[in-house]
Amino acid sequence: GAVVSQHPSRVICKSGTSVKIECRSLDFQATTMFWYRQFPKQSLMLMATSNEGSKATYEQGVEKDKFLINHASLTLSTLTVTSAHPEDSSFYICSAVPGRYSNQPQHFGDGTRLSIL
Amino acid sequence: GQQLNQSPQSMFIQEGEDVSMNCTSSSIFNTWLWYKQDPGEGPVLLIALYKAGELTSNGRLTAQFGITRKDSFLNISASIPSDVGIYFCANSNAGKSTFGDGTTLTVKP
């Protein structure tokens, strides 16, 4: 149980393109999902907390107009990297927590490798 | 914010050896989590700990929640090549997690 699906797994596109990444909880409902960014050989860096039916909460230093988050249902959150540039190239990972409020662990998607040329 | 100090940063071991890694913090936590990440994939939960002193096993993996609630360790017994990867400790507070910097494990056949 607690499967999180992330799509696409890899994106290669030109500078200036906007890229949408989807995160779905397949067998549970998730009021809260999280978006992380990970650089090579580094830990996961939390970008934002995605809350179903309300605005996302962004971490300090993360541009909300650059990284648009929509969490329109209890099983889907999307991250759109707008007008992506080479410095946005990274590994983006989403996670979801079962239930509404809990200390249950996050369950992660398999990540999206974004490469901007 | 909260910071987790994870050590060692990397380990190179022979197949069959036991492994131990740990995580410490200056803050008290109610939950300790251990994840493993394979290259190009998302982290996978290995063990979750919810009580101080709790010792939990998952196959060859054993993790403990420190009595002070400020530390945790993960042991892997009789390592095998597929144990290779990055191991992260994390806490969980109202669903939000903070991650350690990871321990990269290399296992030589």
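Worth saying up front: this structure is predicted, and the values here are computed from it rather than measured.

Trainee: Sorry if this is basic, but what is going on with the overall build of chain A here?
Mentor: Of the regular secondary structure elements, chain A holds zero helices and eleven strands. Going residue by residue from the N terminus, the α and β elements of chain A occur as β-β-β-β-β-β-β-β-β-β-β. Whereas a compact globule of 117 residues would reach a radius of gyration of roughly 13 Å, chain A reaches 13 Å, a difference of no more than 12%. In terms of its C-alpha atoms, chain A occupies a principal-axis envelope of roughly 40 × 25 × 25 Å. Looking at chain A residue by residue over its 117 residues, the buried ones come to 53%. Taking the intrachain contacts of chain A between residues at least 6 apart in sequence as the baseline, contacts between residues at least 24 apart amount to 54%. Counting only carbon and sulfur atoms, one obtains 50% of the accessible surface of chain A, whose full area is about 5,800 Å².

Trainee: Explain the overall build of chain B to me, please; I cannot follow it from the model alone.
Mentor: Tallying secondary structure elements over chain B gives zero helices and eleven strands in all. Along chain B, helices (α) and strands (β) appear in the sequence β-β-β-β-β-β-β-β-β-β-β when read from the amino end. The C-alpha atoms of chain B give a radius of gyration of 13 Å, which matches the 13 Å a tight globule of 109 residues would have. By its C-alpha atoms, chain B is 40 × 30 × 20 Å across when sized along the principal axes. The burial tally for chain B puts 42% of its 109 residues in the buried class. For chain B, restricting intrachain contacts to residue pairs at least 6 apart in sequence, the fraction spanning at least 24 positions comes to 52%. Of the accessible surface of chain B, which amounts to about 5,100 Å², a share of 50% is contributed by carbon and sulfur atoms. For chain B, the separation between the mean place of its 7 positive charges and that of its 9 negative charges on side chains is 10 Å.

Trainee: Just to check I follow, could you spell out the side chain of His71(A) for this structure?
Mentor: Residue and element names in this part refer to chain A. Position of His71 among the secondary structure elements: in strand S7 (residues 67-73). Residue classification places His71 among the buried positions, given a relative accessible area of 5%. Contact partners of His71, with chain neighbours within four places excluded, come to Ala30, Thr31, Thr32, Met33, Ser50, Asn51, Glu52, Gly53, Leu76 and Ser77.

Trainee: Any chance you could explain the sheet that holds strand S8 (residues 76-81) of chain A here in plain terms?
Mentor: Backbone-to-backbone hydrogen bonds join strands into a sheet, with any given pair of strands oriented parallel or antiparallel. All names here are of chain A. Strand order in this open sheet of four strands is S1-S3-S8-S7, and the pairing throughout is antiparallel. Among the strands making up the open sheet, the edge pair consists of strand S1 (4-7) and S7. Strand-to-strand twist across the sheet, computed as the mean angle between neighbouring axes with direction ignored, equals 15°.

Trainee: Where do I start with the pairing of strand S5 (residues 44-49) of chain B in this structure?
Mentor: Consecutive side chains along a regular strand alternate between the two faces of the sheet. Residues and elements named next belong to chain B. Here strand S4 (residues 32-37) runs beside S5; their pairing, made up of five bridges, is antiparallel. Within S5, the position partnered with Trp32 by the bridge is Leu49. The hairpin turn running from S4 into S5, its antiparallel successor, is six residues long, and Gly40 in that turn takes a positive phi close to 75°.

Trainee: It is not clear to me how the interface of chain B and chain A should be interpreted in this structure. Could you clarify?
Mentor: By a widely used convention, the size of an interface equals the accessible area lost when the partners come together. At the interface, 22 residues of chain B touch 22 residues of chain A. Between chain B and chain A the total buried area reaches about 1,600 Å² when both faces are included, carbon and sulfur atoms providing 55% of it. Remark: the boundary between chain B and chain A carries zero salt bridges. Linking chain B with chain A are four residue pairs in polar contact (both at pLDDT 80 or more), by the criterion used here. When residues of the side of chain B that touches chain A are traced back to their parent elements, those giving at least two are S4, S5, strand S9 (85-93) and strand S10 (96-99) of chain B. For the side of chain B that touches chain A, a count of residues per class yields nine nonpolar, ten polar and three charged.

Trainee: Quick question: what am I supposed to make of the pattern of salt bridges here?
Mentor: Residues and elements named next belong to chain A. Counted according to the given criterion, the structure contains four salt bridges over all chains. The salt bridge involving Glu22 is made with Arg24; its shortest N-O contact spans 3.4 Å. Exposure remark for Glu22: the relative accessible area of 25% places this residue in the partly exposed category.

Trainee: What is the right way to look at the state of the cysteines in this model?
Mentor: Two cysteines form a disulfide when their sulfur atoms are joined by a covalent bond. On inspection of all chains with the given rule, the structure shows two disulfides over all chains. For Cys23(A), the disulfide goes to Cys94(A), at an S-S distance of 2.0 Å. Here Cys23(A) and Cys94(A) share a disulfide; its torsion about the S-S bond, 80°, makes the bridge right-handed. Of this pair, Cys23(A) sits in strand S3 (residues 19-25) while Cys94(A) sits in strand S9 (residues 90-97); the two residues are 71 residues apart in sequence, bridging distant segments of the chain. Per residue, the accessibility class of Cys23(A) equals that of Cys94(A), and both read buried. Paired by a disulfide, Cys23(B) and Cys89(B) hold their sulfur atoms 1.7 Å apart. Of the two residues, Cys23(B) is situated in strand S3 (residues 19-25) and Cys89(B) in strand S9; the sequence distance between them amounts to 66 residues. Under the relative-accessibility criterion, Cys89(B) is labelled buried at 0%.

Criteria and thresholds
Residues numbered from 1 in each chain as written. Chains lettered and ligands numbered in written order. Predicted model: local features only at pLDDT ≥ 70, side-chain atom pairs only at ≥ 80, totals over all residues. Heavy atoms only, no water. Helix = DSSP H or I, 4+ residues; strand = E, 2+ residues; numbered from the N terminus. Rg over C-alpha atoms; globule rule 2.2 N^0.38 Å. Buried < 20%, exposed > 50% of the residue type's maximum accessible area, 1.4 Å probe, protein only. Contact = heavy atoms within 4.5 Å. Areas by Shrake-Rupley, 256 points an atom, 1.4 Å probe, with all protein chains shown as cover. Lys, Arg positive; Asp, Glu negative; His and termini not counted. Charge placed at Lys NZ, Arg CZ, Asp CG, Glu CD. Pairing = 2+ DSSP bridges. Axes fitted to C-alpha atoms, helices over the stretch in contact; angles between N-to-C directions. Buried area = accessible area lost by both parts, 1.4 Å probe. Salt bridge = Lys/Arg side-chain N within 4 Å of Asp/Glu carboxyl O. Polar contact = N/O pair within 3.5 Å; in protein donor to acceptor, adjacent residues only side chain to side chain. Nonpolar A, V, L, I, M, F, W, Y, C, P; charged D, E, K, R; others polar. Disulfide = S-S within 2.5 Å.

So, to be careful, I would describe these as geometric facts and stop short of saying anything about function.
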